[in-house]
Amino acid sequence: MTTRSPRHFLQFKDLSREEFDYLFERISWIKARFKAYEPYHPMFDRTLVMIFEKASTRTRLSFEAGMQQLGGSAIYLNTRDSQLGRGEPVEDAAQVISRMCDLVMIRTFEQEIIERFAANSRVPVINGLTNEYHPCQILADIHTFIEHRGPIRGRTVAWIGDSNNMCNTWLQAAELLDFNVHVSTPPGYEVEAERAGLYGTGHFEQFADPVDACRGADLVTTDVWTSMGFEAENEARMKAFADWQVDADMMAVAAPEALFMHCLPAHRGEEVSGEVIDGPHSVVWDEAENRLHAQKALMEYLLLGRLQG
Ligand code: CP
Ligand code: NVA
């Protein structure tokens, strides 16, 4: 059980550029061992608790499989079947849960909930998605970019669609890792710098026309128009976002070697055309797989620190 003050990953900027450099190398190392079927069990006897207040396929699977592959075990809790859904204070839940495990991952609504949990946790807490951020996904996405195209520093990412948890996290990553983000959202859905947790605006530019945002971009990326928790706005969003579908015309003005990413699940015919997500620029399956390797490296780092070899 951890006794020193735990390191959390609640938003992207909780780690430094230098720590991300280490993590990108570590992800490659862990992935190569996994691909070679070499057992690696640094988490023997360690337990991860995963708390889900929203649905998940990739995040649950990658954390659960990842922890088992590292020699530990993972326990799944959700709001429906635990006392969390019956009004037990977050602070009390954090005190109890963190006395029984080594690591906690939470997917919830407001960022404030995970911050209150972390403030009362004895063990590292990882953000598995909140309304504001999705840092584990961006860790995997940037690693995927590096694998395909080399360092992301100085490159341009075009974000098309909703200024949601994914967009906010891309913007934080751009400030930290020194790349640019071109954002195009429909009117009324623009980036809110404070909600995105930005300390400067030097790494992003907003565009009224999504085609202009894609011009020359090294990576074009998007996400659902209606995120979990915002379902009541779905009808209005479908109308407002209709011209923000990433399609072949947008990819045509991006850099010739541009990649397309989507955190998934995707809605073909809404935020992206089938032609793009299933086309030659798309690396969405590599991106999804890298959630596994990225999460393993992150859990190892938060729990065991920097390791050699
Ligand atoms: N991208 C992602 O987080 O997927 P899930 O919602 O399936 O976990
Ligand atoms: N923005 C989406 C991401 C899902 C992985 C949501 O929050 O629902």
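Below is a summary of the structure that appears in this document. (Residues numbered from 1 in each chain as written. Chains lettered and ligands numbered in written order. Predicted model: local features only at pLDDT ≥ 70, side-chain atom pairs only at ≥ 80, totals over all residues. Heavy atoms only, no water.)

### A look at the pairing of strand β1 (residues 47–52)
Here's step 1: For β1, the buried fraction is high: six of the six residues fall into the buried class.
Here's step 2: Inspection of the sheet shows β1 paired to strand β2 (residues 73–78) by six bridges, in the parallel sense. Of the residues in β2, the one forming a bridge with Leu 48 is Ala 74.
Here's step 3: As a crossover connection, the stretch from β1 through helix α2 (residues 58–69) into β2 is right-handed. (Buried < 20%, exposed > 50% of the residue type's maximum accessible area, 1.4 Å probe, protein only. Helix = DSSP H or I, 4+ residues; strand = E, 2+ residues; numbered from the N terminus. Pairing = 2+ DSSP bridges. Right-handed = clockwise from strand over helix to strand, strands pointing away.)

### Details of helix α12 (residues 284–304)
Here's step 1: Taking 1.5 Å of rise per residue, the 21 residues of α12 would be expected to cover 30 Å, and the 30 Å separating its terminal C-alpha atoms lies within 8% of that figure.
Here's step 2: At Asn 290, α12 is bent by approximately 30°, the largest bend along its length.
Here's step 3: Across the 21 residues of α12, 16 count as buried, placing the element largely inside the fold.
Here's step 4: Remark: Gly 305 follows α12 within two positions and exhibits a positive phi of approximately 75°. (Expected span 1.5 Å × (residues − 1). Bend = angle between axes of the 7 residues up to and from the residue.)

### Topic: the packing of helix α1 (residues 17–35) against α12
Here's step 1: Two elements in contact, α1 and α12, have axes whose closest approach is 8 Å; the angle formed by their N-to-C orientations is 120°. For the element pair α1 / α12, the angle class is oblique. The handedness of the crossing between α1 and α12 comes out as right-handed. In contact with Glu 19, Tyr 22, Leu 23, Arg 26, Ile 27, Ile 30, Lys 31, Phe 34 and Lys 35 of α1, α12 contributes Glu 289, Asn 290, Leu 292, His 293, Ala 294, Lys 296, Ala 297, Leu 298, Glu 300 and Tyr 301.
Here's step 2: Looking at the contact of α1 with α12 residue by residue, the class counts come to 10 nonpolar, two polar and seven charged. (Axes fitted to C-alpha atoms, helices over the stretch in contact; angles between N-to-C directions. Parallel < 35°, antiparallel > 145°, perpendicular 65-115°, else oblique. Left-handed = near helix turned anticlockwise from the far one by under 90°. Contact = heavy atoms within 4.5 Å. Nonpolar A, V, L, I, M, F, W, Y, C, P; charged D, E, K, R; others polar.)

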